[in-house]
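# Results of the structural survey
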Amino acid sequence: MRAYELSEQSLLKEFRTTKNGLSLHDVQKRQADFGKNIIEKKEKKNYIKEYFKQYIEFFPILLEIAGILAFIAEYYQPNQGNDVLGYAIFGAVVINATFTFWQNFKADKAMDALLKLMPTIIKVKRESKIIEIEASELVPGDIIVLEEGDKIAADGVLLEANELYINTSSLDGESKPSKRELTSKGAKREIDAKNMVYAGTSVVNGSGEAVVVATSMATEFGKIATLTGNIEKGLTPLEKEVINMTKILTVLALLAGVVFFLLGYFSGKGMLIAAIFALSLIVANVPEGLLPTITLSLSLASQRMAKKNALIKNLASVQTLGSVTTICTDKTGTLTKNEMTLKEIYLTSGEKISVSGNGYETKGDFTLKNKNENSDKHLKTVLYAGLFNSRASIDDDKIVGDPTELAIIAAAKKYNIQNDFEKIKENPFSSERKMMSTFGKIDGKEVLFVKGAPEIIFTKTTHYQDKDEIKKFDKDATDKLQKELEDFQNRAYRVLAIALNDKDDEEGLTLLGLVAIMDIARSEVKDALQKCYTAGIRTIMITGDNANTAAAIGRQIGLRYDGVLTGDEVAQMSGEELQKMLEDKTYVFARMASNQKLKIADALQKNGEVVAMTGDGVNDSPSLKKADIGIAMGSGTDVAKESSDMILLDDNFNSIVSAIEEGRTVYFNIKKFVTYILSSNVPEIVPYILSFFLKIPNPLSVIQILSIDLGSDMLPGLALGSEKPEKNIMKRPPVGKDEKILDWEVFKRGYFFIGIIEASAAMFAFASFLFSHGWQYGDVNLNNPLFHAQAMTMTLLGAVTSQLANVWTMRSWDFNIWTISWKSNKTLLFAWGAVLTWIYMLLNVAAVQKVFNTAHVPVKDLWILLPFPLLILVSHETYKYLRLKKMRYAEIG
């Protein structure tokens, strides 16, 4: 049953009501049947639960297990520093959980934003009386009374309409008032019916009465809320990768623990000693500083993006940007300035006029072709019509109103048109009428000025203004105007027809001409699009413009596309058909309704695309939530912003591209510091293993391992996370959905290349110090505690100084360090200074030495440390050079 198609009598019968309203008995019964007229909210988040959820993610669980194992090891073998390690691990988990929770505290509030748009008090007719009630008390069958300024609390079919206009922007993004009538005008959907009013909209003009046909979640407003609420976002690539890394590191740690437990046990070490050794090895394999470093790196990246006008709401979404393969973007204000400029005028008397100046400047020149003695008068009349038939204004640089109207007013001011028009009546523009008219007096004569879509004005035109007379608007005249219109549209102009009448009647008009208005493309858009194409990202434009104008704008800005699809064509397609069309072709989408974006996003995602989608209206919220990255305009609605992952503060396409560049940078920066952190695991593990199987003193204590993970690794790792984009970052393809951070290249560089060198450095420093001071192999229990502390200090410094070199060579994944300014990463300079200070404290500050079991080592012994950092620099830079050379040859081949 389609309520809007029913006659008044059938409508009242269907909803068992009358024009006098429901009885109180009927209201009570229906309230019991239908419930409150409210948009149902999702269950309110329990923020205590949300906080503790941070502790049951994969990586935190791994760290928590490691912390527990550290306490177990301390219980069976006390005074080895395992308890300090346990506390430090749990401290890292708490800090990370708190920080992540705080970043995501203002999570999805789309329902709350929707509720803010709903009114609280409305007027309703019950038992022949007009009363005011809470909006939540409305039921189907109620008769609501509508007056100018009222908000509408339910969907209804009109019984009366007196010049009734409603603002439907909260549903369809249309800023112009929409006239309501008593017939549906052949609508096929509730949202298109002219005789319906909708929850969440408001009355801007006139009055009326309507019978309520839908309340709460059954309204069009409620359907959007349901759709938005039911769309579940999948895990971001980074969240998946953290899970992947956790699994791999867990398996590696457990395997190492089991293998060395068995080796220790069968070599005669005994069950307890072998078990404690295995537990310590498992803990040493866990990079405690990795998760906080990832979180802090993402936070720093989001701060950098905010400076570029891209506000990230969810930290994990930063890295998702690096995987984007398709950007679906609005045109107005994103690819263009949303600053209309009237550039050309065609008069029906044959003159073609160019207008100089951009935007809303009120100074410019008019250049006329085919000029005649009446050209000035005809041009003035066209500009009069535009100026007086408008709600916008430009006064003393104060600009108010619709951009299209402002463009016409700016042109009128350039021609010094004075406002001496006496307005009597206005017939507002609406998306259905596609025209506006104003009736009034000028120089004592009555006149109706009309402007609107040419295809509408042409049908209402009977005459046109020729050079010196009014002529009949016949087929030849129509064909000529149609040709001029198509020429404008093919050059990306938005075209309005200007007409007038000598009476208050929108039929029988006299056509004056066409005005061609252009929404100037942003100057940086061409370069931004080219950067996207080089980066393997396709861009799809979605606009409300007609197909010709959309195609022309696409050509003008350098957009690559294979064809144009209209909203009507998309509506008739199945999801599978659209999916197939988008597999290997790119389209411009013209005359699109915002709710069709969801269909496009779904089709692209089913093709394996990672989709970034822009939007600004309430009805954009489902598609924004569905997209991998929903991008709300800073000028958009609260609902769109709450449903998005990122807010574009300047509405600029170039800012999206900058954000994607930052997202890719974050991905590779994480790759760098994961490699950096994992490489330090090897010099932690190898000394431990060697001390278990060789007849040597313990080269490294547990607390010293902790000092590497959380002391010397944390700040340099964070510095790598703040590296600027590499020069080829937007020449690479998008980061694949299945591409892993923790891949073979990371393992190879981290564990088997740099890690081995660092382990060699640590053991060489340990052994060299012992032998140079008279130690004999087999002397496991050193009687001199100071001597043992000095030897362990050398092991620790062997690892730390190697990491100091490693962090420099890790600044670029592909390029040599001499191609990067050493001053470009101030965080790294600070981190390097901090680690050097830490080394000084380990060598010279008694309190630090006591906690970390280190001792002062003479300078003459510290020279032992120099060769290995140099070896890391030379070998890794050579490796990068050869690898990049091989990749370039492969590309050429």
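Residues numbered from 1 in each chain as written. Predicted model: local features only at pLDDT ≥ 70, side-chain atom pairs only at ≥ 80, totals over all residues. Heavy atoms only, no water.

Here we come to the confidence of the model for the protein. Considering every residue of the protein, the mean pLDDT works out to 85; 90% of them sit at 70 or more. Long-range and interchain partners of residues 106-111, a stretch whose pLDDT sits below 50, account for 15 contacts in this model, where long-range means more than four residues apart. (pLDDT = per-residue confidence, 0-100. Contact = heavy atoms within 4.5 Å.)

Right, let's talk about empty space enclosed by the protein for a bit. Enumeration over the complete set of coordinates arrives at four cavities of 30 Å³ or more. Of the voids in this model, the second largest cavity is the one considered here, and its volume is about 40 Å³. If you go around the second largest cavity, the residues you meet are K331, M340, A492, Y493, R494, I517, D519, D545, T549 and I553. Taken together, the elements giving at least two residues each to the lining of the second largest cavity come down to β21 (509-521) and α18 (547-557). (1 Å grid on protein atoms, 1.4 Å probe; cavity = no way out; pocket = protein on both sides within 12 Å on 5 of 7 lines; lining within 4 Å. Points joined across faces, edges and corners; volume = space filled by probe spheres on them. Helix = DSSP H or I, 4+ residues; strand = E, 2+ residues; numbered from the N terminus.)

Right, let's talk about a nonpolar patch on the surface for a bit. A grouping of V259, L263, F693, L694, F771 and Y777 is seen on the molecular surface, where their side chains present a nonpolar patch of about 560 Å² in accessible area. Examined against the element boundaries, L694 turns out to sit in the loop between α25 (681-693) and α26 (702-712). Residue classification places L694 among the partly exposed residues on the basis of a relative accessible area of 38%. (Patch = residues over 30% accessible without salt bridge, like charges linked within 9 Å, V, L, I, M, F, W, Y side chains within 5 Å. Areas by Shrake-Rupley, 256 points an atom, 1.4 Å probe, with all protein chains shown as cover. Salt bridge = Lys/Arg side-chain N within 4 Å of Asp/Glu carboxyl O. Buried < 20%, exposed > 50% of the residue type's maximum accessible area, 1.4 Å probe, protein only.)

Let us now look at unusual backbone geometry. Phi is positive for D443, close to 55°, though the residue is something other than glycine. Within the secondary structure, D443 sits in the loop between β16 (435-442) and β17 (445-452). Residue D443 is classed as exposed on the basis of its relative accessible area of 71%. Within the chain, A492 stands out as a residue other than glycine whose phi angle is a positive 70°. Relative to the helices and strands, A492 resides in the loop between α16 (475-490) and β20 (494-501). On the basis of relative accessibility, which here comes to 5%, the residue A492 falls in the buried class.

Attention now moves to the nonpolar core. Within soluble globular proteins, side chains that are nonpolar tend to cluster in buried spots. L511, L514, M646, F653 and V674 are the most contacted members of the largest nonpolar core, which has 102 residues in total. With 14 residues, the top contributor of residues to this core is helix α24 (residues 653-679). Contact partners of F653, with chain neighbours within four places excluded, come to I327, T329, T334, L335, A528, L529, C532 and T539. (Core = buried A, V, L, I, M, F, W, Y, C linked by side-chain atoms within 4.5 Å.)

Right, let's get into the pairing of strand β7 (residues 202-214). Across a regular strand the side chains alternate sides, sitting on one face of the sheet and then on the other. For β7, the tally of buried residues reaches 10 of 13 residues, placing the bulk of the element in the interior. Here strand β3 (residues 143-147) runs beside β7; their pairing, made up of five bridges, is antiparallel. Looking at the pairing, E147 lines up with S207 of β7. Direction of pairing for strand β4 (residues 155-167) relative to β7: antiparallel, over a ladder of 10 bridges. Each residue of the ladder has a partner; that of V157, found in β7, is V211. (Pairing = 2+ DSSP bridges.)

Contact geometry for helix α29 (residues 785-809) and helix α30 (residues 826-844): axes closest at 11 Å, N-to-C directions at 170°. Classified by the angle their axes make, α29 and α30 are roughly antiparallel. Packed against α29, whose contacting residues are T793, L796, L797, V800, T801, L804, V807 and W808, the element α30 presents L828, L829, W832, V835, L836, I839, L842 and L843 at the interface. Residues that form the contact of α29 with α30 fall into these classes: 14 nonpolar, two polar and no charged. (Axes fitted to C-alpha atoms, helices over the stretch in contact; angles between N-to-C directions. Parallel < 35°, antiparallel > 145°, perpendicular 65-115°, else oblique. Nonpolar A, V, L, I, M, F, W, Y, C, P; charged D, E, K, R; others polar.)

Moving on, we get to the pattern of salt bridges. Enumeration over the complete set of coordinates arrives at 38 salt bridges. The shortest N-O distance in the salt bridge between E723 and R811 comes to 2.5 Å. Here R811 lies in the loop between α29 and α30 and E723 lies in the loop between α27 (714-721) and α28 (744-772), a separation of 88 residues in the sequence. Since its relative accessible area comes to 3%, R811 is described here as buried. The network of salt bridges with shared partners includes R732, E745, K748, R749, D814 and R883.

Here S207 is to be found in strand β7. Taking the C-alpha atoms as reference points, S207 and E163, separated by 44 residues in sequence, lie 6.8 Å from one another. Sequence-distant contacts of S207, defined by excluding residues within four places in its chain, comprise L146, E147, E160, A161, N162 and L164.

Positionally, K343 belongs in strand β10 (residues 336-347). Distance in space between the C-alpha atoms of K343 and A516 is 6.1 Å, their sequence separation being 173 residues. Setting aside residues no more than four positions away along its own chain, K343 makes contact with I353, S354, V355, G357, N358, Y493, A516 and M518.

To continue, consider a positive patch on the surface. The grouping of K240, K247, K737 and K740 at the surface amounts to a positive patch. If you trace the backbone, K737 turns up in the loop between α27 and α28. (Lys, Arg positive; Asp, Glu negative; His and termini not counted. Charge placed at Lys NZ, Arg CZ, Asp CG, Glu CD.)

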